[in-house]
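Coordinates in review
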Amino acid sequence: MRHLRALCAIADTGSLRKAARQLGMTQPSLTTQLRRIENTIGGRLFSREVTGSRPTPLGRSVLCRARPIVAEMNALLSEVRLEAGQTADARLRVGSTGSRAVVGWLRRLRDRYPDADTTIHIDVSANALLQMVAANQLDVAFVHEVEGAPLRVPEGVERRVLVEREPQFVALAETHPAAARPTVRLADLAADQWMVDPSVDGEGPGLRRVLAAAGLNPRVVYGDYLTAADLVASGEVVTPCQPTARSRQGVAVRPLHGDPLTVRLFLASRVAPAARTGAAGRAPDTALPADTGATGPDDPDTVPGAPLDVDALFGDLADAYFEIAWAGSAYRQWLVRNESPLLRSHEPRARDALDVLGLAGPAEVS
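Note that this is a predicted model, so its numbers are computed, not measured. (Residues numbered from 1 in each chain as written. Predicted model: local features only at pLDDT ≥ 70, side-chain atom pairs only at ≥ 80, totals over all residues. Heavy atoms only, no water.)

Focus: the overall build of the protein
Within the protein, the regular secondary structure consists of 15 helices and 13 strands. Buried positions account for 48% of the 366 residues belonging to the protein. Roughly 18,100 Å² of accessible area belongs to the protein as shown, and the carbon and sulfur atoms make up 52% of that amount. (Helix = DSSP H or I, 4+ residues; strand = E, 2+ residues; numbered from the N terminus. Buried < 20%, exposed > 50% of the residue type's maximum accessible area, 1.4 Å probe, protein only. Areas by Shrake-Rupley, 256 points an atom, 1.4 Å probe, with all protein chains shown as cover.)

Observations regarding the packing of helix H1 (residues 2-13) against helix H2 (residues 16-23)
Here H1 crosses H2 at 130°, and the two axes come no closer than 8 Å. With respect to H2, the element H1 is oriented oblique. The crossing of H1 and H2 is right-handed. Listed contacts from H2 to Arg-5, Ala-6, Ala-9, Ile-10 and Thr-13 of H1 are Leu-16, Lys-18, Ala-19, Gln-22 and Leu-23. (Axes fitted to C-alpha atoms, helices over the stretch in contact; angles between N-to-C directions. Parallel < 35°, antiparallel > 145°, perpendicular 65-115°, else oblique. Left-handed = near helix turned anticlockwise from the far one by under 90°. Contact = heavy atoms within 4.5 Å.)

As for the nonpolar core
In terms of nonpolar packing, the biggest core is built from 36 residues, with Trp-105, Val-140, Phe-142, Leu-162, Leu-267 and Tyr-321 touching the most fellow members. Elements supplying a minimum of two residues to this core: strand E3 (91-96), helix H5 (102-112), strand E5 (140-146), strand E6 (157-167), strand E12 (262-270), helix H10 (310-327), helix H11 (329-337) and helix H12 (341-345). If one sorts the elements of this core by residue count, H10 sits on top with 11 residues. Among the nonpolar cores identified, the runner-up in size contains 18 residues, and Val-184, Trp-194, Leu-211 and Leu-261 belong to it. (Core = buried A, V, L, I, M, F, W, Y, C linked by side-chain atoms within 4.5 Å.)

Remarks on the pattern of salt bridges
What the rule picks out here adds up to 15 salt bridges. Salt-bridge contacts for Lys-18 lead to Asp-201; the nearest nitrogen and oxygen are separated by 2.7 Å. One end of the pair, Lys-18, is in helix H2; the other, Asp-201, is in the loop between strand E8 (194-196) and helix H7 (203-213), and 183 residues separate them in sequence. What makes Asp-201 buried here is its relative accessible area of 10%. As a salt-bridge pair, Glu-323 and Arg-108 come within 3.4 Å of each other at their nearest N and O atoms. Of this pair, Glu-323 sits in helix H10 while Arg-108 sits in helix H5, and the two are 215 residues apart along the sequence. Residues participating in the shared-partner salt-bridge network are Arg-93, Asp-139 and Arg-270. (Salt bridge = Lys/Arg side-chain N within 4 Å of Asp/Glu carboxyl O.)

Description of the sheet that holds strand E11 (residues 251-254)
Read from one edge to the other, the open sheet built from three strands follows the order E10-E7-E11, with strand pairing classed as antiparallel. Two strands close off the open sheet at either side, each with one partner strand: strand E10 (239-241) and E11. The mean inter-strand angle of the sheet, taken between neighbouring strand axes irrespective of direction, is 35°. As paired elements, strand E7 (residues 169-173) and E11 share four bridges and run antiparallel to each other. Across the sheet, Leu-172 pairs through a bridge with Ala-252, a residue of E11. (Pairing = 2+ DSSP bridges.)

Focus on empty space enclosed by the protein
Tallied over the full model, the rule gives three cavities of 30 Å³ or more. By volume, the largest cavity amounts to about 80 Å³. Taken together, Thr-97, Gly-98, Ser-99, Phe-142, Val-143, His-144, Glu-166, Gln-168, Gln-242, Val-263, Leu-265 and Tyr-321 form the lining of the largest cavity. Elements with a minimum of two residues in the lining of the largest cavity: E5 and E12. With three residues, the top contributor of residues to the lining of the largest cavity is E5. When the residues that make up the lining of the largest cavity are grouped by side-chain class, the tally is five nonpolar, six polar and one charged. (1 Å grid on protein atoms, 1.4 Å probe; cavity = no way out; pocket = protein on both sides within 12 Å on 5 of 7 lines; lining within 4 Å. Points joined across faces, edges and corners; volume = space filled by probe spheres on them. Nonpolar A, V, L, I, M, F, W, Y, C, P; charged D, E, K, R; others polar.)

Written out as structure tokens, the structure reads:
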């Protein structure tokens, strides 16, 4: 089963590196495992190309037999756990691409389900997380989708949109001439070398599309965002970054003029069967709920064995994300100017703080 899961992961992600992250192992270990599988079968299952790993004809034949076996084993494990009393609410498995809101989200989830075994799986690949939700390896996943580079949302997975269009800022050296300005134009960075992480789905194509639309063709290199801070501080590269990112020593985080780089933030979960929900289910994309408050102690969804209350998990995520977004002055001003759904869902607290920004005129509070 371990070998079959590995083959499916490589095929689903199209990359040994991404598959290794999804499986919780190193890339060299997965490469060695794949070599052993191919030696056992007696033929190559994947062709290694510049764009990733693609199944060979033999690989496609093996995958056609492997996928039903893996699906049946997942179903068997789920049924056995249910019979043993390990219900969905006894353990809560959440996933996320990198976000500073995760800490606050987990705190709220543990307050809501104090008896649940709540775990977090972080992966830079949103597509890998969506596949894990579809395969019942995660209950929910918080991901971002780069504008112009849609994610592959598997069948049976629904989305609740947190922010429809969030800007991406830019990280550059504090000594960069553009860092002295409150807002940076793409043209100010025309001579700079950009760096993107190839593991982040859609990031490279999304950046190239925006640069081409602006008539720019700077050099774009690949690297790991987790280790990019030193390169940015030294002036070697500039990188896109989330608007909630903290400035580090030697690094300035600035908004881009006109918000050319944007993402959509959403929470993914499996579509609830009508038999469990008593309804036909949600539309594929659902707006921010009006009520994001926590449930009380007598709420049936806090009792182990009840269906997972995804709306409540989404509300906790919205609260945690707003907390982080509101803490940064540049992003806070953007939220107000664009009348973000996050702002509207936290209107009393947010509106009280508008005077601090000098933005609470009659138009804003009417």
